[in-house]
2 protein chains.
Amino acid sequence: MKKVVIFGVGLIGGSFALALRQAHAVSEVVGFGRSPATLLQAQQLGIIDRIGIDVAQEVGDADLVLLATPVGQMAEIMQRIAPHLGSHTLVSDGGSTKCDVVAAARAFLGDKIAQFVPAHPIAGAEQSGAAAARAELYVDKKVVLTPLPENSAAAVAQVRQAWEACGAKVSELTAQEHDQVFASVSHLPHLLSFALVHDLSQRDNRDVLLSFAASGFRDFTRIAASSPEMWRDICLSNRDALMQELMQYAQELHVLYQALEQRDADTLEDVFSEARKVRSNWTQQ
Amino acid sequence: MKKVVIFGVGLIGGSFALALRQAHAVSEVVGFGRSPATLLQAQQLGIIDRIGIDVAQEVGDADLVLLATPVGQMAEIMQRIAPHLGSHTLVSDGGSTKCDVVAAARAFLGDKIAQFVPAHPIAGAEQSGAAAARAELYVDKKVVLTPLPENSAAAVAQVRQAWEACGAKVSELTAQEHDQVFASVSHLPHLLSFALVHDLSQRDNRDVLLSFAASGFRDFTRIAASSPEMWRDICLSNRDALMQELMQYAQELHVLYQALEQRDADTLEDVFSEARKVRSNWTQQ
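Residues numbered from 1 in each chain as written. Chains lettered and ligands numbered in written order. Predicted model: local features only at pLDDT ≥ 70, side-chain atom pairs only at ≥ 80, totals over all residues. Heavy atoms only, no water.

Summing up its helical and strand segments, chain A has 12 helices and nine strands in all. Projected onto its principal axes, the C-alpha coordinates of chain A cover approximately 70 × 40 × 30 Å. By the burial criterion, 57% of the 285 residues in chain A qualify as buried. Looking at chain A alone, contacts between residues at least 24 apart form 75% of all its contacts between residues at least 6 apart. Total accessible area computed for chain A in this model is approximately 11400 Å², and 49% of it derives from carbon and sulfur atoms. Of the charged side chains in chain A, 24 are positive and 33 negative, and the gap between their average positions amounts to 4 Å. (Helix = DSSP H or I, 4+ residues; strand = E, 2+ residues; numbered from the N terminus. Buried < 20%, exposed > 50% of the residue type's maximum accessible area, 1.4 Å probe, protein only. Contact = heavy atoms within 4.5 Å. Areas by Shrake-Rupley, 256 points an atom, 1.4 Å probe, with all protein chains shown as cover. Lys, Arg positive; Asp, Glu negative; His and termini not counted. Charge placed at Lys NZ, Arg CZ, Asp CG, Glu CD.)

On to the pattern of salt bridges, then. All names here are of chain B. Summed over all chains, the structure comprises 36 salt bridges over all chains. The partner of Arg-21 in a salt bridge is Asp-49, with the nearest N and O atoms 2.9 Å apart. Separated by 28 residues along the polypeptide, Arg-21 in helix α1 (residues 11-22) and Asp-49 in the loop between α2 (36-44) and β3 (50-51) bring together distant segments of the chain. Of the residues examined, Arg-21 reaches a relative accessible area of 22% and is grouped as partly exposed. In this structure Asp-49 comes out as partly exposed when scored by relative accessible area, which is 32%. A salt bridge links Glu-172 to Arg-160, with the shortest nitrogen-to-oxygen separation between them at 3.3 Å. (Salt bridge = Lys/Arg side-chain N within 4 Å of Asp/Glu carboxyl O.)

This paragraph deals with the relation of the copies chain A and chain B. Superposition record for chain A on chain B: RMSD 0.0 Å, screw rotation 180 degrees, translation along axis 0.0 Å. Between the two chains, the operation in question is that of a two-fold axis. Closest approach to the rotation axis among the C-alpha atoms of chain A is made by Phe-220 of chain A, whose C-alpha sits 2.1 Å away. An overlap of 100% is found between the interface residues of chain A and their copies at the interface of chain B, pointing to a shared contact surface. (Least-squares fit on C-alpha atoms with pLDDT ≥ 70 in both.)

What follows covers the interface of chain A and chain B. At the interface, 83 residues of chain A touch 83 residues of chain B. Carbon and sulfur atoms supply 68% of the area buried between chain A and chain B, which totals about 8400 Å² over both sides. At the junction of chain A with chain B, the criterion picks out eight salt bridges. Taking the shortest distance from any N to any O, the salt bridge between Arg-206 of chain B and Glu-274 of chain A comes out at 3.3 Å. Our count for the chain A to chain B interface comes out at 30 residue pairs in polar contact (both at pLDDT 80 or more). Counting only elements with at least two residues in the side of chain A that touches chain B, the list comes to β8 (142-145), α7 (175-201), α8 (206-211), α9 (215-220), α10 (228-237), α11 (239-261) and α12 (265-281) of chain A. (Buried area = accessible area lost by both parts, 1.4 Å probe. Polar contact = N/O pair within 3.5 Å; in protein donor to acceptor, adjacent residues only side chain to side chain.)

This part takes up the domain arrangement of chain A. Residue and element names in this part refer to chain A. Under the domain assignment, chain A is made up of domain 1 (3-173) and domain 2 (177-281). Each of domain 1 and domain 2 has a C-alpha centre, and these two points are 32 Å apart. Taken together, the contact pairs 12 residues of domain 1 with 10 residues of domain 2. Of the roughly 950 Å² buried where domain 1 meets domain 2, counting both sides, 64% is carbon and sulfur surface. Here domain 1 is connected to domain 2 by zero salt bridges. (Domains from an automatic or database assignment.)

Moving on, we come to the pairing of strand β4 (residues 64-67) of chain B. Residue and element names in this part refer to chain B. Side chains of β4 alternate between two faces, with Leu-64 and Leu-66 and Val-65 and Leu-67 buried alike. Where strand β1 (residues 3-7) and β4 come together, four bridges link them in parallel fashion. Counterpart to Phe-7 in the pairing with β4 is Leu-67. Of the crossover connections in this fold, the one passing from β4 over helix α4 (residues 74-81) to the parallel strand β5 (residues 90-93) is right-handed. (Pairing = 2+ DSSP bridges. Right-handed = clockwise from strand over helix to strand, strands pointing away.)

Given below as structure tokens:
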């Protein structure tokens, strides 16, 4: 690609730029963002070549525009870029939820919707910001594309190639499948982990409790140290699927509560055994 | 100590023996157990000096008898040793729950109850068995004693010294405090982790779900690979406290469900922020 424009040059956008550069898959990277300090830092770190000034001018001849801001800011950016997108310019994003991003794109990209190929790079984000960006972030990590019916095969292939150039393993789901899958394996566990720590934090004896917490607690609650703002947005963005998951999980807990109540050792052991079998056979892909 | 007798020479009992030996804190270790193969292995590994044959004879002149079997087997052992305990012989255990072990001791040790000082060594047990035992297992790990009103200060001090000789950091709680604390920070998280994996394992699309699970899921569910039998027993042993915890956690989830239902961003962010603050400030002690 000759030119890539990135909105949001933090961990996700910055690492995308560095990875494309390292793969010699891009000639020029232009960055936009809310914070002038971050943009300057990104330029100094060699993440972007230039800080963008004029959106209309920059997106007209870009090969790819990546929206790597929080999902809540994407609608406004789509509105700004839509009138100026070149006919060959593709748009993608790095949002953790997809149905809401697709809805925003349908509302704000208008007749350019076929140029938008939604994506979700799954790269751990304990850190954030341009300083945390690195060219290797996506190596062997999963990126899920959720192509639209309007996308041409060529458009999807081009976005796929960009992520593959970053070292990622690219797969495809519909936006709805994506949001249901991630509600199950990511958003629900985060909610449950936040809930446990919050629950304990409200107790009178919380300091005693925490002083006896050990490695099981440590691992179970690692994700409770994630960004509150980001997870608030993800939970609200994927609200319907997450509510469904919570409901089903509450039923699971009800079964276990009843088993305890009735001293039903068999049910407890069956549930634990099945869980252990599945968890032991699982390997992160 | 001149002589220590250990019932159950697996990870917990075997490591206790090895640590005492390494500290030159014991002259002779005698092992009892259900499995002759394990006892032979323990002897070959230098964990025990002798395999015990006659309980009556061995516990009469022992300084310390450690019950390191599953909690469910302790009552029967107490019944067997009670008539033969020497007047200076102390008894301790390594059970993960304490109210039930204390109740068994009151029932089966009878007028020797003052000689029983309950203990819970908190050492991660992903592995088990004599082959996994090692002298360093308890170094800088917590051991909680839950002394009885009947214990003399000297008896408690002697059991404390034995664990300190193993390198452990020893603290004291009442049995009831202990069970409430561990229901909160250990038993509930294990139940929640088993429940999540079991919940997902029942889905038609479980293979797709698991293929997209990443590092958050990995850490959250690590403890779902724990022993089903052991956790069935712990959950039933600490049933009352655990049911209380489950009830309170269900209320916490209800609050979050309502926040989602009402698109209440502030409540979500408040809960997540408090959790992150507490979790970030926590360090394993």
